[in-house]
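# Fold and geometry: a report
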Amino acid sequence: MNMANESVVIKPAVDNTHLEELLLNGSEILGLSLDEQQIRQLFTYLTLLSRWNTVYNLTAIREPETMMTHHVLDSLAAADVVRDTRHLLDVGSGAGLPGMVLAILYPEMTVSLIDAVQKKTAFLSQVKAELRLKNVTVHTGRVEKLRLVEKADGIISRAFSDLGQFVELSAHLLSADGCFYAMKGAVPLDEIDALPAGLKVKAVVPLKVPFLDAERHLLVMEKKTV
């Protein structure tokens with residue numbers, strides 16, 4: 001699932017050899033092969049995030065190099081686990097992490113992004129427009145009030161809330177055979193113990209983010225079958 005979008009002319013975004021090395025080497029470590037357009041799109045995304053962040057404070061991280069490791073590569077670390085998802089919903093997407101990054105990587109995957117903060121969804125809409133991402137839909141509002149024409153077979157969150165609240169607020173948007181994906185640091189054992197009875201943890205996947213010395217895990221959860 002690593003094909004390019006229709007041909008899009010994108011101006012070079014970040015003229016920084018070290019950033020390019022981080023992206024290319026990091027994606028190689030993760031087993032991902034980025035084409036030229038995807039590289040340009042990710043650099044354009046990073047540039048837009050840096051510019052908007054000076055005014056709208058979308059993320060506490062300010063340095064592009066740190067954004068590359070803590071945001072872009074961190075998001076790409078989950079790519080292999082969700083690669084077969086047809087419709088991915090990113091809850092509390094914020095600056096588009098991980099949803100926007102995954103949408104660039106997987107242009108044939110339908111990706112819905114939702115956040116309650118208008119300035120963040122304005123940024124996401126700007127990224128979608130500039131990168132001409134036809135597979136992305138941006139929603140402003142609270143996830144518990146969201147309705148989708150087609151339910152998602154994957155719902156992901158990164159630092160949105162605890163597991164119980166994440167599942168409770170978005171469960172109505174998940175297809176019967178779909179999975180929840182929660183990106184966490186350390187394994188939240190107390191949150192797992194507090195999960196509702198109708199849900200089970202299918203897998204706890206350790207994630208190794210290139211050039212980032214920090215603990216990361218991806219929890220995969222699904223509804224219990226009767």
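The structure under discussion appears in the preceding block.
Structural notes, computed from the coordinates. (Residues numbered from 1 in each chain as written. Predicted model: local features only at pLDDT ≥ 70, side-chain atom pairs only at ≥ 80, totals over all residues. Heavy atoms only, no water.)

On to the overall build of the protein, then. A count of helices and strands for the protein gives eight helices and seven strands. Taken over the C-alpha trace, the protein has a radius of gyration of 17 Å; the compact-globule value for 226 residues is 17 Å, and the two agree within 12%. The dimensions of the protein, computed from C-alpha atoms along their principal axes, are 55 × 35 × 35 Å. Counting all 226 residues of the protein, 51% fall into the buried class. Here the contacts in the protein between residues at least 6 apart in sequence split such that 70% fall between residues at least 24 apart. For the protein, the accessible surface area stands at approximately 10800 Å², while carbon and sulfur atoms represent 50% of it. Averaged over its 23 positive side-chain charges, the protein has a centre that lies 7 Å from the centre of its 28 negative ones. (Helix = DSSP H or I, 4+ residues; strand = E, 2+ residues; numbered from the N terminus. Rg over C-alpha atoms; globule rule 2.2 N^0.38 Å. Buried < 20%, exposed > 50% of the residue type's maximum accessible area, 1.4 Å probe, protein only. Contact = heavy atoms within 4.5 Å. Areas by Shrake-Rupley, 256 points an atom, 1.4 Å probe, with all protein chains shown as cover. Lys, Arg positive; Asp, Glu negative; His and termini not counted. Charge placed at Lys NZ, Arg CZ, Asp CG, Glu CD.)

Here we take up the pattern of salt bridges. Once the charged atoms of two side chains with opposite charge are near each other, the side chains can pair. Here the structure, examined in full by the defined rule, presents eight salt bridges. Where Arg142 meets Glu144, a salt bridge forms, and the shortest distance between an N and an O atom there is 2.7 Å. Ionic pairing is found between Lys200 and Glu222, a salt bridge with its closest N-O pair at 3.4 Å. With a gap of 22 residues between them, Lys200 in strand S6 (residues 199–207) and Glu222 in strand S7 (residues 216–223) connect regions that are remote in the sequence. Lys200 sits in the partly exposed class, given a relative accessible area of 37%. Looking at Glu222, the relative accessible area reads 18%, which means it is buried. Because the salt bridges share partners, they merge into one network encompassing Asp74, Arg158 and Arg216. (Salt bridge = Lys/Arg side-chain N within 4 Å of Asp/Glu carboxyl O.)

If you trace the backbone, Thr69 turns up in helix H3 (residues 64–76). Relative accessible area serves as the criterion here: at 6%, Thr69 is assigned to the buried category. Polar contacts involving the side chain of Thr69 include one to the main-chain carbonyl oxygen of Thr66, which spans 3.1 Å. Thr69 has contacts with Leu22, Asp74, Val209, Pro210, Phe211 and Leu212, leaving out every residue within four places of it along the chain. (Polar contact = N/O pair within 3.5 Å; in protein donor to acceptor, adjacent residues only side chain to side chain.)

Here we come to unusual backbone geometry. Leu97 connects to Pro98 through a cis peptide bond whose omega is 5°. Tracing the backbone through its elements, the reader meets Pro98 in the loop between strand S1 (87–91) and helix H5 (99–105). At Asn57, a position not held by glycine, the phi torsion is positive, near 50°. You can see Asn57 is positioned in the loop between helix H2 (36–56) and H3. Phi is positive for Arg132, close to 55°, though the residue is something other than glycine. Assignment of secondary structure puts Arg132 in the loop between helix H6 (118–131) and strand S3 (136–140). Its relative accessible area of 52% is what places Arg132 among the exposed residues.

Applying the stated criterion across every chain, the model contains five aromatic pairs. Seen from their ring centres, Phe160 and Phe166 are 6.5 Å apart, and the 75° between their planes marks the pair as edge-to-face. Assessed through its relative accessible area of 0%, Phe166 is described here as buried. An aromatic cluster is defined as three or more aromatic residues linked by ring pairs; in this entry it consists of Tyr45, Trp52, Tyr56 and Phe123. (Phe/Tyr/Trp six-rings, centres within 6.5 Å; stacked < 30°, edge-to-face > 60°.)

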